[in-house]
Amino acid sequence: MKIISSYSIKGGVGKTALAVNLAYAFSEADHRTLLLDLDPQGAAAFYFRVSSAKKFNMGDTNSLSGGLRRNIRESDFPGLDIIPSSLAYRHFDIALDGMEKRRKQLRRVLEEFKDDYDTIILDCPPNITLLSENVFRASDLILVPVIPTVLSQRTLEQLDRFFSDEELPLDRLCPFFSMVQKRNKLHRETMAELTAAYPQFLKTTIPLSVDVEKMGLRRMPLLAYSKASDAAQAYRTLCSEIISLQENVCD
Ligand SMILES: Nc1ncnc2c1ncn2[C@@H]1O[C@H](COP(=O)(O)OP(=O)(O)OP(=O)(O)O)[C@@H](O)[C@H]1O
Ligand SMILES: [Mg+2]
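Because the structure is predicted, anything quoted here is derived from the model rather than measured.

**Observations regarding the pairing of strand 7 (residues 173–177)**
Regular strands place their side chains on alternate faces of the sheet. A large share of strand 7 lies buried, amounting to five of its five residues. In the sheet, strand 6 (residues 141–146) pairs with strand 7 via five bridges, with the strands oriented parallel. Bridge pairing in strand 7 links V144 to P175. In terms of handedness, the path from strand 6 via helix 7 (residues 150–165) over to strand 7 forms a crossover that is right-handed.

See the structure below:
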């Protein structure tokens with residue numbers, strides 16, 4: 001079982017769009033896939049038309065894992081399950097803070113799903129908290145959408161520094177370009193600069209596309225309603241790139 005998170009300190013960069021479409025792409029590739037929506041905004045679950053998670057006690061490891069398990073929902077797509085978010089997740093940090101090994105609890109809890117799923121995808125909220133630290137330690141890969149702009153560059157530098165300072169595995173940090181406009185000169189220049197500074201950038205880029213935005217109206221992954229669009233192909237290619245990366249890096 002591999003755990004892949006969609007994470008950025010920055011908001012609105014395409015984390016949820018990635019998590020939703022990647023979950024779909026992994027299930028298409030015959031991975032038994034679980035999408036865990038960790039963001040109280042609950043956007044990932046919204047796209048799959050599932051209601052919020054039922055409240056549960058997060059006070060210790062057993063109740064956390066039991067609560068997550070009880071909230072697993074089947075999606076409309078074979079091989080793809082979801083744990084929707086809950087407003088109660090706003091207490092995640094406090095709950096984790098009260099546990100032993102408070103930075104490693106999420107990994108411990110998700111390990112219990114290893115017989116049921118091949119891939120777990122985490123859609124993360126845009127901040128850096130104790131939950132984020134749990135995500136970093138739980139994940140085999142941390143995918144970071146980066147819009148090719150100066151502010152995104154700054155956020156990536158902050159994250160990179162945090163990983164170095166905390167001695168977290170930098171090779172698990174996989175940035176990729178999101179919402180790319182190839183005709184935009186500033187985008188092209190920023191991409192060249194960032195790729196030179198961070199060789200671990202994934203090769204696949206996700207274009208800015210109105211097809212992705214329509215997910216809000218269609219309430220399903222782009223890959224389910226616009227299979228042949230450029231953006232859908234890009235998410236699929238990203239999924240293949242991640243699978244081959246995992247074969248080389250994570251074993
Ligand atoms: N490749 C894309 N092209 C065009 N629009 C996109 C693309 N990716 C995401 N969007 C749109 O941008 C908005 C933000 O995307 P998304 O919700 O995936 O970002 P996020 O990083 O998860 O945001 P948050 O930090 O609030 O959780 C949404 O309206 C989404 O439809
Ligand atoms: Mg989101």
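After presenting the structure, the write-up continues.
**Thoughts on the sheet that holds strand 5 (residues 119–123)**
Ordered by their spatial adjacency, seven strands build an open sheet running 3-4-2-5-1-6-7, and the pairing between neighbours is mixed. Edge positions in the sheet fall to strand 3 (73–74) and strand 7, since each of these pairs with one other strand and no more. Taken strand by strand, helix 7 contacts strand 6 and strand 7, and its axis lies near 160° from that of strand 6.

**Points about the nonpolar core**
Membership of the largest hydrophobic core comes to 43 residues, with the highest contact counts inside it found for L38, L68, Y89 and L122. Looking at this core element by element, the count peaks at five residues for helix 6 (residues 130–138). For L68, the contacting residues outside a window of four places in its chain are L36, F56, I83, Y89, V109 and F113. Within the second largest apolar cluster, 38 residues are counted, among which are A25, I82, F176 and I242.

**Observations regarding the site of ligand 1**
Taken together, 17 residues lie near ligand 1, and K15, T16, A17, P207 and S209 sit nearest. Note that an oxygen atom of ligand 1 is positioned 2.7 Å from one of the side-chain N or O atoms of K15. Here D39 contributes a side-chain N or O atom positioned 3.5 Å from an oxygen atom of ligand 1. Within the complex, 81% of the 630 Å² of free accessible area of ligand 1 lies under protein. Only helix 1 (15–28) and helix 9 (210–213) provide two or more residues apiece to the shell around ligand 1.

**What about the pairing of strand 6?**
Most of strand 6 sits out of view: six of its six residues are buried. Residue alternation in strand 6 divides its side chains into two sets, L141, L143 and P145 and I142, V144 and V146, and both sets are buried. Bridging between strand 1 (residues 2–6) and strand 6 involves three bridges; their strand directions are parallel. Residue pairing for strand 6: I4 is matched across the bridge by L141.

**Comments concerning the packing of aromatic side chains**
Summed over all chains, the structure comprises nine aromatic pairs. Taking 6.1 Å as the distance between ring centres and 70° as the angle between the ring planes, the aromatic pair formed by F48 and F77 counts as edge-to-face. Of the two residues, F48 sits in the loop between helix 2 (43–47) and helix 3 (61–70) while F77 sits in the loop between strand 3 and strand 4 (80–83), which places them 29 residues apart along the sequence. Both residues of the pair, F48 and F77, belong to the buried class. Site record: aromatic cluster; members linked through ring pairs are Y7, F136, F162 and F163. When the ring centre of F113 is taken as reference, the NZ or CZ atom of R69 above it lies at 4.5 Å. Against the face of F46 rests R219, its NZ or CZ located 4.0 Å from the ring centre.

**Points about helix 3**
What helix 3 keeps buried is the set T61, S63, L64, S65, G67 and L68. In the core, the buried residues of helix 3 are packed alongside strand 2 (33–37), strand 4, helix 4 (92–97) and helix 5 (105–111). Where helix 3 starts, the residue carrying a side-chain oxygen 3.1 Å from the main-chain nitrogen of N62 turns out to be D60.

Rules behind the numbers
Position numbers for residues count from 1 along each chain, tracking the sequence in the order it is written. Both sets of labels track the order of writing: A upward for chains, 1 upward for ligands. With pLDDT at 70 or above as the cut-off, local features in this predicted model cover only qualifying residues; side-chain atom pairs require 80 or more to be listed or tallied, and sums for whole chains, interfaces and linings still use all residues. With hydrogens and water stripped out, all remaining heavy atoms of the structure feed into the side-chain values. Note on exposure labels: buried denotes an accessible area under 20% of the residue type's maximum, exposed denotes more than 50%, and partly exposed covers the range between, all computed with a 1.4 Å probe on protein chains only. For helices the rule is a DSSP run of H or I covering at least 4 residues; for strands it is a run of E covering at least 2, with both sets numbered from the N terminus onward. At least two DSSP bridges between two strands are needed for those strands to be called paired. Orient the strands so they point away from the viewer; a crossover is then right-handed if the path from the first strand over the helix to the second runs clockwise. Residues count as neighbours in contact if any of their non-hydrogen atoms are within 4.5 Å of one another. The axes used here are C-alpha line fits, helices contributing only the stretch in contact, and every angle between their N-to-C directions lies in the interval 0 to 180 degrees. Nonpolar cores were defined as sets of buried Ala, Val, Leu, Ile, Met, Phe, Trp, Tyr and Cys residues, with membership established by side-chain atoms within 4.5 Å. Think of it this way: one heavy atom of a residue within 4 Å of a molecule or strand is enough to make that residue near it. Whenever a nitrogen or oxygen atom comes within 3.5 Å of another N or O atom, the pair is scored as a polar contact, on the condition that within protein one atom can donate a hydrogen and the other can accept it, and that pairs from neighbouring residues in sequence are kept only if both atoms are in side chains. For accessible areas, the Shrake-Rupley method is used with a probe of radius 1.4 Å. Any residue's cover is judged against the shown protein chains and nothing else. Two aromatic rings, drawn from Phe, Tyr or Trp (for Trp, its six-membered ring), form a pair once their centres lie within 6.5 Å of each other, and the interplanar angle then sorts them: stacked below 30 degrees, edge-to-face above 60, tilted otherwise. Criterion for a charge above a ring: Lys NZ or Arg CZ within 6 Å of the ring centre, and within 35 degrees of the ring normal.

Remember that the coordinates give geometry; whether it matters functionally is a separate question.
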